[in-house]
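Summary of the model geometry
Take a look at the letters that make up each chain.
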Amino acid sequence: MTKQLIRFLLVCGAISFAENVRTEESLNGVLWMQTSAEYRVSTVQAFRTASVRVQQALRDRSITAALEQPADYQDLPPAVIVDVDETVLDNSPFQARLIEAGQEFSPALWQNWVQEAQAKAVPGAKDFIEFLKGQGIALFYVTNRELKEPTLKNIRAVLDPDTEADHVLCKYEQPEWGSDKTPRRALIAETHRVILLIGDDYNDFTALGKTDAVERALLAEKYQANWGTRWIMISNPLYGNWERALYNYNYRLPRQEKTAQKRRQLQTIKSLEKD
């Protein structure tokens, strides 16, 4: 075998590996969300737990779920705050589209998807929202989407046709509303007692900043009493700050290097023994 042929085969193998990394990395996560009974059970279970916690909070006015609400909230009307993507709207078809096209995520592709307003409801979300309406509880959507009109259109189509525009708080809708959702939670806390937070990312509950995976786990323990009581987490295996933390939020890294950094953090029995 000539050196040229060997070089050619190696290059082809590298290209093939790169293509597989780009298109297959999220395959299992997308299929789990779209086909498994386990995903549907887990989200329905989460929203049923949320309903129980709402009823408890209605009986106990001392309860607030917002760290931004330290005092003088007991007589405010109750409200629930939810994230949008992978919390109440399912964007797995967008992720599937990326896999089929062999494309990486990009803001432009994402904005095109948002404009389509075709996301379906996460299992259990619509029933939970109907429950809140029946109880007379305000619902606010705090999202880091930037396109409000198609987001509102999508929410009205699959979740609640009566959703008011000022109950959907998007990123950059106001100058101070960046990725950190704290100012938006604080604004809602001025007029409502926030009795429950629901999201798929730690930052839907409190701002962590760009902390590494170890620090994220330690901070999660700090708020152990809130999980499942005042804070409800929806599982998202596709993306989020949990993944970005694995490559130190360096978004400009090539996909192969991001994958390599993630693989280095896999834990086997031997690696756990070293720790």
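Look a little higher up for the structure.
Model, not experiment: these values are computed from the prediction.

Description of empty space enclosed by the protein
A complete count under the given rule lists one cavity of 30 Å³ or more for this structure. Put simply, the largest cavity is a space of about 40 Å³. Ile81, Val82, Asp83, Val142, Lys181, Arg185, Ile198 and Asp204 are the residues that line the largest cavity. Among the residues making up the lining of the largest cavity, the classes are represented as four nonpolar, no polar and four charged.

Some thoughts on the layout of surface pockets
To find the voids left in a structure, one rolls a probe of water-molecule size over its atoms. Approximately 200 Å³ is the volume attributed to the second largest pocket. Contributing to the lining of the second largest pocket are Ile129, Leu132, Lys133, Ile137, Ala138, Leu139, Tyr141, Asp160, Asp162, Thr163, Glu164 and His167. Looking at the lining of the second largest pocket, the elements that each hand over two or more residues are α6 (125-135) and β4 (138-143). Across the lining of the second largest pocket, the residue classes break down as six nonpolar, two polar and four charged.

Details of the pairing of strand β1 (residues 78-82)
Most of β1 sits inside the fold, with five of its five residues counted as buried. A two-sided burial pattern is seen for β1, the buried positions comprising Pro78, Val80 and Val82 on one face and Ala79 and Ile81 on the other. Alignment of β1 against strand β6 (residues 193-199), held across five bridges, turns out to be parallel. Bridged to Pro78 within β6 is Arg193. Where β1 and β4 come together, four bridges link them in parallel fashion. Among the inter-strand pairings, Val82 is bridged to a residue of β4, identified as Tyr141.

Quick notes on the side chain of Lys181
One can find Lys181 in the loop between β5 (168-170) and α8 (182-191). Take Lys181: its relative accessible area is 5%, and that puts it in the buried class. A distance of 3.0 Å separates the side chain of Lys181 from the backbone oxygen of Val142, its partner in a polar contact. If we skip the residues at most four places from it in the chain, Lys181 touches Asp83, Val142, Thr143, Asn144, Asn203 and Asp204.

Concerning helix α11 (residues 255-263)
Residues of α11 that are buried include every one of Arg255, Lys258, Thr259, Gln261 and Lys262, and no others. Along the axis of α11, the buried positions cluster into a sector of 160°, meaning they face one direction only.

Details of the sheet that holds β6
Read across the open sheet, the five strands follow the order β5-β4-β1-β6-β7; overall the sheet is parallel. Two strands lie at the open edges of the sheet, namely β5 and β7 (231-233), each paired on one side alone. For this sheet the average axis-to-axis angle between neighbouring strands, irrespective of direction, equals 20°. Strands in contact with helix α3 (residues 37-59) are β1, β6 and β7; relative to β6, the strand with the most contacts, it is inclined by about 170°.

How each quantity is defined
- Residues numbered from 1 in each chain as written.
- Predicted model: local features only at pLDDT ≥ 70, side-chain atom pairs only at ≥ 80, totals over all residues.
- Heavy atoms only, no water.
- 1 Å grid on protein atoms, 1.4 Å probe; cavity = no way out; pocket = protein on both sides within 12 Å on 5 of 7 lines; lining within 4 Å.
- Points joined across faces, edges and corners; volume = space filled by probe spheres on them.
- Nonpolar A, V, L, I, M, F, W, Y, C, P; charged D, E, K, R; others polar.
- Helix = DSSP H or I, 4+ residues; strand = E, 2+ residues; numbered from the N terminus.
- Buried < 20%, exposed > 50% of the residue type's maximum accessible area, 1.4 Å probe, protein only.
- Pairing = 2+ DSSP bridges.
- Polar contact = N/O pair within 3.5 Å; in protein donor to acceptor, adjacent residues only side chain to side chain.
- Contact = heavy atoms within 4.5 Å.
- Arc of directions from axis to C-beta.
- Axes fitted to C-alpha atoms, helices over the stretch in contact; angles between N-to-C directions.

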